[in-house]
Amino acid sequence: IGQNTGVSVDGSIGLQTGNNVIAIGTRAGGNIGSLVNDSILIGTEAGFKTQVDNTICIGLNAGAQNMTGTGGISIGYRAGLSSVAAEGCISIGSNAGASFTGSTEIGQNICIGDEAATNNQGTRNIVIGAEAATNTANASNIIVIGYQAGANIGSLPSSTGINPDNGIIIGFRAGGDGDIVTGK
């Protein structure tokens, strides 16, 4: 317990020059960046390749490949697993926010629920519900609440007339082709 604490059964802890980092678990922070500061990594391979500051990763593979987005919180099995360029994202639940990838503008997403917002490349989204807003591509500024609500909205063809941005989608499987979607 203390600054740059690491507990690893295989000696793989990679904490060398960062400050105020706690890593507990097999390979937790095992390939962490040398200048990572103020982070907590708990669980097998939690924050394994984390390269950013101010990160909390709790759970098996949580935030394991968080490469460029600071201030993220990933709690749960594989939560925030491949969050590349995901600035300030909060992912809570098994596989929640598991693939936030894309430009440097991705971030400020909140996803709560098993597999909520997996494969999301948007920004400033609030997603609550199991399997909600999965495969939303570049949908941004959306609020999605409900089981499987908003699934695949970012991949709908433009002929549907549904713009996935700036919308509110609430209800069981709401937001598919032909559903009413409220927004800007």
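I'd like a description of the overall build of the chain, backed by residues and values.
Broken down by element type, the chain carries 0 helices and 11 strands. The linear arrangement of helices and strands in the chain, starting from the amino end, is β-β-β-β-β-β-β-β-β-β-β. Out of the 184 residues in the chain, the part that is buried amounts to 45%. Within the chain, residue pairs in contact and separated by at least 24 positions form 6% of the contacts whose partners lie at least 6 positions apart. When the accessible area of the chain is evaluated, it comes to approximately 8300 Å², of which 53% is carbon and sulfur surface.

Before we move on, can you summarise the pairing of strand β3 (residues 39–42) with the specific residues and values?
Burial of β3 is one-sided: the residues S39 and L41 facing one way are buried, the residues I40 and I42 facing the other way are not. Pairing between strand β2 (residues 21–24) and β3: 4 bridges, direction parallel. Opposite V21, over in β3, you have S39 as the bridge partner. Pairing of β3 with strand β4 (residues 56–58) involves 3 bridges; the strand directions are parallel. Within the sheet, the bridge partner assigned to L41 lies in β4 and is C57.

So what about the environment of I32? Which residues, and what values?
The topology assignment puts I32 in the loop between β2 and β3. Separated by 32 residues in sequence, I32 and A64 place their C-alpha atoms 9.4 Å apart.

Any details on the confidence of the model for the chain? Residues and values, ideally.
For the chain, the mean per-residue pLDDT works out to 79, and 76% of the residues sit at or above 70. Per-element confidence in the chain is highest for strand β8 (residues 126–128), whose mean pLDDT is 95, and lowest for strand β1 (residues 5–7), whose mean pLDDT is 53. Contacts for the low-pLDDT stretch residues 7–12, under 50 throughout, to residues beyond four places or in other chains number 11 contacts.

Explain the packing of aromatic side chains residue by residue, including any values.
Pairs of aromatic rings are described using the distance from one ring centre to the other and the angle between the two planes. Applying the stated rule across the entire model yields 1 aromatic pair. Relative to F172, the ring of Y147 lies with its centre 5.7 Å away and its plane at 20°, an arrangement referred to as stacked. In this pair, Y147 is assigned in the loop between β9 (143–145) and β10 (167–170) and F172 in the loop between β10 and β11 (182–183), connecting sequence segments 25 residues apart. Residue classification places Y147 among the partly exposed positions, given a relative accessible area of 35%. The class of F172 is exposed, set by a relative accessible area of 58%.

Run through the side chain of N37, naming residues and quoting values.
Mapped onto the elements, N37 comes out in the loop between β2 and β3. Ignoring anything within four residues of it in the chain, the contact list for N37 reads G18, N19, N20, V21, D53 and N54.

Thresholds, definitions, all that
Each chain has its residues counted from 1, following the order in which its sequence is written. In keeping with the model being predicted, local features are shown solely for residues with a pLDDT of at least 70 and side-chain atom pairs are shown and tallied solely at 80 or more, while totals for entire chains, interfaces and linings include all residues. Side-chain descriptors were evaluated using all non-hydrogen atoms of the structure, hydrogens and water having been removed beforehand. Strands here mean DSSP runs of E at least two residues long; helices mean DSSP runs of H or I at least four residues long; both are numbered from the N terminus. Buried, partly exposed and exposed residues are distinguished by accessible area as a fraction of the type maximum, computed with a 1.4 Å probe on protein chains only: under 20%, between the cut-offs, and over 50%, respectively. The contact rule is simple, with two residues in contact once any of their heavy atoms fall within 4.5 Å. Shrake-Rupley sampling with a 1.4 Å probe provides the accessible areas, and residues are treated as covered by the protein chains on show and by no other component. One bridge is not enough; two strands pair if DSSP finds at least two bridges between them. A residue's pLDDT is the predictor's confidence in that residue, given on a scale from 0 to 100. Each Phe, Tyr or Trp ring (for Trp, its six-membered ring) is paired with any other whose centre lies within 6.5 Å, and the angle between the two planes then decides the class: stacked below 30 degrees, edge-to-face above 60, tilted in between.

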